[in-house]
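Observations on the three-dimensional arrangement
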Amino acid sequence: MSDYKAIQTAVRVEKLRIWFAWVCGNIILLIIANATKDIHIVSVITQALLVLGFLALTFALFRMTGALNRRALAARREVLGDDL
């Protein structure tokens, strides 16, 4: 049972790191977009890249979280012997 608890703790920590990286990445994108808002053509390009960056970060966030959830479920099945 201690193996399962260690795995759950590791998964929780990794999820927090992923979410923190997502927030930091989006804040950096917003800072860059705000810094270039007065230069019109650069602002348009920056806003387009902001949207693409947000979508890429969000896609990566959910893919990585899903992978961690699958890993945790596999570890739970292995440790507890559950057959779902």
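Residues numbered from 1 in each chain as written. Predicted model: local features only at pLDDT ≥ 70, side-chain atom pairs only at ≥ 80, totals over all residues. Heavy atoms only, no water.

1. Things to note about the nonpolar core
Core analysis: the largest hydrophobic core is formed by 5 residues, namely Val11, Ile18, Leu61, Leu68 and Ala72. Breaking this core down by element, the ones donating at least two residues are α1 (2-35) and α2 (40-80). Tallying contributions element by element places α2 first for this core, with 3 residues. If sequence neighbours within four positions are ignored, Ile18 has contacts with Leu61, Met64, Thr65 and Leu68. (Core = buried A, V, L, I, M, F, W, Y, C linked by side-chain atoms within 4.5 Å. Buried < 20%, exposed > 50% of the residue type's maximum accessible area, 1.4 Å probe, protein only. Helix = DSSP H or I, 4+ residues; strand = E, 2+ residues; numbered from the N terminus. Contact = heavy atoms within 4.5 Å.)

2. Quick look at the packing of aromatic side chains
Inspection of the entire model under this criterion finds 3 aromatic pairs. Centroid distance Trp19 to Trp22: 5.5 Å. Interplanar angle 75 degrees. Geometry classified as edge-to-face. Remark: Trp22 and Trp19 occur in helix α1; sequence separation between them is 3 residues, near one turn of the helix. Overall, Trp19 belongs to the partly exposed group, its relative accessible area being 36%. With 6.4 Å between their ring centres and 85 degrees between their planes, Trp19 and Phe62 make a pair best called edge-to-face. Placement of Trp19 in helix α1 and of Phe62 in helix α2 is noted, with a sequence separation of 43 residues between them. Chaining the aromatic ring pairs together yields one cluster made of Trp19, Trp22, Phe54 and Phe62. (Phe/Tyr/Trp six-rings, centres within 6.5 Å; stacked < 30°, edge-to-face > 60°.)

3. Describing the side chain of Thr58
Within the secondary structure, Thr58 is located in helix α2. A distance of 3.2 Å separates a polar atom in the side chain of Thr58 from a polar atom in the side chain of Trp22. (Polar contact = N/O pair within 3.5 Å; in protein donor to acceptor, adjacent residues only side chain to side chain.)

4. Examining a nonpolar patch on the surface
Together, Ile39, Ile41, Val42, Ile45, Leu49 and Leu52 give the surface a local cluster of nonpolar side chains, amounting to about 580 Å² of exposed area. The topology assignment puts Leu52 in helix α2. Overall, Leu52 belongs to the exposed group, its relative accessible area being 54%. (Patch = residues over 30% accessible without salt bridge, like charges linked within 9 Å, V, L, I, M, F, W, Y side chains within 5 Å. Areas by Shrake-Rupley, 256 points an atom, 1.4 Å probe, with all protein chains shown as cover. Salt bridge = Lys/Arg side-chain N within 4 Å of Asp/Glu carboxyl O.)

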